[in-house]
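Here are the chains, one letter per residue:
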Amino acid sequence: MTSIAIAGAALSDVGKVDDKSPYQLIAQASRRALAQAGLTFADVDGLASTGQGTLPPVDVGEYLGIRPKWVDSTAVGGATWEVMASHAVDAIAAGHAEVVLLTYGSTARADLRKGLRSAGINWGARGPLQWEAPYGHTLISKYAMAARRHMHEYGTTIEQLAEVAVSARFNAADNPEAYYRDPITIGDVLSGPMIADPFTKLHCCIRSDGGAAVVLVRGDRAKDLPSDPVWVLGSAEATSHMLTSQWEDMTVGPAAVSGPLAFQRAGIQPADVDVAEIYDAFTYMLLVTLEDLGFCAKGEGGPFVAEGSLRLGGRLPTNTDGGGLSACHPGQRGLFLLVEACRQLRGEAGPRQVPGAKIACVSGTGGWFCSSGTVILGAEEP
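Residues numbered from 1 in each chain as written. Predicted model: local features only at pLDDT ≥ 70, side-chain atom pairs only at ≥ 80, totals over all residues. Heavy atoms only, no water.

As recorded in an unreviewed UniProt entry, the chain goes by the name Thiolase C-terminal domain-containing protein, listed as coming from Mycolicibacterium anyangense.

Caption draft 1: Layout of the overall build of the chain. When its secondary structure is counted, the chain shows 13 helices and 11 strands. Here the C-alpha radius of gyration of the chain, 19 Å, is about what a compact globule of 382 residues would show, namely 21 Å. Sorting the 382 residues of the chain into buried and exposed places 60% on the buried side. Considering only intrachain contacts with a sequence separation of at least 6, the fraction spanning at least 24 residues in the chain is 74%. (Helix = DSSP H or I, 4+ residues; strand = E, 2+ residues; numbered from the N terminus. Rg over C-alpha atoms; globule rule 2.2 N^0.38 Å. Buried < 20%, exposed > 50% of the residue type's maximum accessible area, 1.4 Å probe, protein only. Contact = heavy atoms within 4.5 Å.)

Caption draft 2: Just the pairing of strand β11 (residues 371-378), in detail. For β11, a buried count of 8 out of 8 residues is recorded, marking the element as mostly surrounded by other parts of the structure. As paired elements, strand β10 (residues 359-366) and β11 share 8 bridges and run antiparallel to each other. Its bridge partner lying in β11, I359 is registered against G378. Between β10 and β11, which pair antiparallel and follow one another directly, the connecting turn spans 4 residues, one of which, G367, has a positive phi of 65 degrees. (Pairing = 2+ DSSP bridges.)

Caption draft 3: Expanded view of the pattern of salt bridges. All told, the structure shown has 20 salt bridges when counted by the stated rule. Ionic pairing is found between K20 and D13, a salt bridge with its closest N-O pair at 3.1 Å. The exposure class of D13 is partly exposed, given its relative accessible area of 27%. A salt bridge links E98 to R221; its shortest N-O distance comes to 3.2 Å. Within this pair, whereas E98 is found in the loop between α3 (80-93) and β4 (99-106), its partner R221 is found in helix α8 (residues 219-222), the two being separated by 123 residues in sequence. By sharing partners, the salt bridges in this structure join D13, D19, K20 and R32 into a single network. (Salt bridge = Lys/Arg side-chain N within 4 Å of Asp/Glu carboxyl O.)

Caption draft 4: Layout of the packing of α3 against helix α13 (residues 334-345). Contact geometry of α3 with α13 gives a least axis separation of 6 Å together with a crossing angle of 65 degrees. Classified by the angle between their axes, α3 and α13 sit roughly perpendicular to one another. Of the residues in α13, those in contact with W81, E82 and A85 of α3 are G334, L335, L337 and L338. Across the contact of α3 with α13, the residue classes tally to 5 nonpolar, 1 polar and 1 charged. (Axes fitted to C-alpha atoms, helices over the stretch in contact; angles between N-to-C directions. Parallel < 35°, antiparallel > 145°, perpendicular 65-115°, else oblique. Nonpolar A, V, L, I, M, F, W, Y, C, P; charged D, E, K, R; others polar.)

Caption draft 5: How the structure looks around the nonpolar core. Among the nonpolar cores identified, the biggest contains 123 residues, and L102, F199, V214, L216, L290, I376 and L377 are the most heavily contacted of them. Looking at which domains feed residues into this core, each of domain 1 (4-116 + 209-232) and domain 2 (135-206 + 234-378) supplies at least three. If we ignore the near neighbours within four places in the chain, the residues touching L102 are A48, W81, M84, A85, A88, A212, A213, V214, L216 and L335. (Core = buried A, V, L, I, M, F, W, Y, C linked by side-chain atoms within 4.5 Å. Domains from an automatic or database assignment.)

Caption draft 6: Structural context of helix α6 (residues 158-172). For α6, built from 15 residues, the straight-helix expectation of 21 Å at 1.5 Å per residue is met to within 8% by its first-to-last C-alpha distance of 22 Å. Counting buried positions along α6 yields 13 of 15 residues, so the element is predominantly enclosed. (Expected span 1.5 Å × (residues − 1).)

Caption draft 7: The UniProt feature "domain: Thiolase C-terminal" (unreviewed entry) in the chain, seen in detail. In the UniProt entry, the feature "domain: Thiolase C-terminal" (unreviewed entry) is given for residues 236-378. Between the end C-alpha atoms of residues 236-378 the distance is 16 Å, and the span holds 31% helix and 17% strand. (UniProt positions renumbered as here; feature names shortened; annotations may be inferred.)

Caption draft 8: The arrangement of the packing of aromatic side chains in detail. Applying the stated criterion across every chain yields a total of 9 aromatic pairs. When the ring of Y23 is compared with that of Y63, the centres are 5.3 Å apart and the planes differ by 40 degrees; the resulting orientation is tilted. Of this pair, Y23 sits in helix α1 (residues 22-37) while Y63 sits in helix α2 (residues 58-64), and the two are 40 residues apart along the sequence. Of the residues examined, Y23 reaches a relative accessible area of 21% and is grouped as partly exposed. With a relative accessible area of 43%, Y63 lands in the partly exposed category. For the pair F199 and F282, a centre-to-centre distance of 5.9 Å together with 5 degrees between the ring planes defines the contact as stacked. Placement of the pair is F199 in strand β6 (residues 199-200) and F282 in the loop between β9 (275-278) and α10 (283-293), with a sequence separation of 83 residues. (Phe/Tyr/Trp six-rings, centres within 6.5 Å; stacked < 30°, edge-to-face > 60°.)

Caption draft 9: View of α10. Of all 11 residues in α10, 11 are buried, a share of seventy percent or more. T283, Y284, M285, L286, L287, V288, T289, L290, E291, D292 and L293 are the residues of α10 that are buried.

Caption draft 10: Main features of the sheet that holds β4. The strand order β3-β2-β4-β7-β1-β8-β11-β10-β9 describes an open sheet built from 9 strands, whose pairing is mixed. A strand with exactly one partner marks an edge of an open sheet, and here the two such strands are β3 (70-72) and β9. The average angle at which neighbouring strand axes cross in this sheet is 25 degrees, direction not considered. The strands touched by α10 are β9, β10 and β11; relative to β10, the strand with the most contacts, the crossing angle is about 125 degrees.

Okay, structure coming up:
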């Protein structure tokens, strides 16, 4: 079996970025990731990107001045980048590419301030969604309704969900790149303005600007590069539903499929994981994904997070940069999860470093639990 490694992982300027376009953020993050790996754009023969332009990733490749022989423009929401990473691993192992660049950039916050986009997301009313759109069933309302089901089914409390946001802010305190770093309490979360019952504002991800990039290479080549390689131990992907009416169980997401598969392919168990980077567009998303990945039993996510497990120093340090709830959420956050996992496994996270971190679980969720991608990373070659 061919070993595949991440040789470079970097962010662009993040947070409030009013002087750059999404393409400039893509280029900045890509240059930083490639420089970290000791490579240049001339070395890249595989490109994965989506979210910008007319023909992604063709337009991104042209902007960066590369003509790849392998491309991926998979678009499954927040899980996109974990799914793309899995595809890139397969492509490199098959010899279809040697150096694959995953890159993304967004100025969601700046665009909103400039009136270039609406505060909500227009998913359209064609295809399956035409049966829900007329009733005003927004993205956040889908999550809110699912959260209520979990609360009814398992006794999960709003205070337990609020702890997910409080833990994220606790971790963000030591991240100089985090958008919000001031501590918050469960009371702060509960007393905020209601967005979609039971979610107040702090149950929801922030809106920021930023870009990220990851460079994957074959294992033998990674050993000759200047950066410490982060090894891909296993990965998997899965989809679930599009219409909420076709969701068989609102307390189970597609990570219940991708997670066990990724762990099986990596040859490890959830108990072996030192640090987790899990998509957290809403507090409920993270709680259910923890259960689906096997870090706690179904229905026990509430008590698990309530004991402070997600915090730095906790049982399972999760979203160590502050996550989408506090650090950075420009749109499709999945690539940022991979970057933070690499920083942790390389021991480069500074004051938020998880001591002795050797194995990381990265899991992205797309849509309203519509898709999932899970990647298991290790500091040591398999």
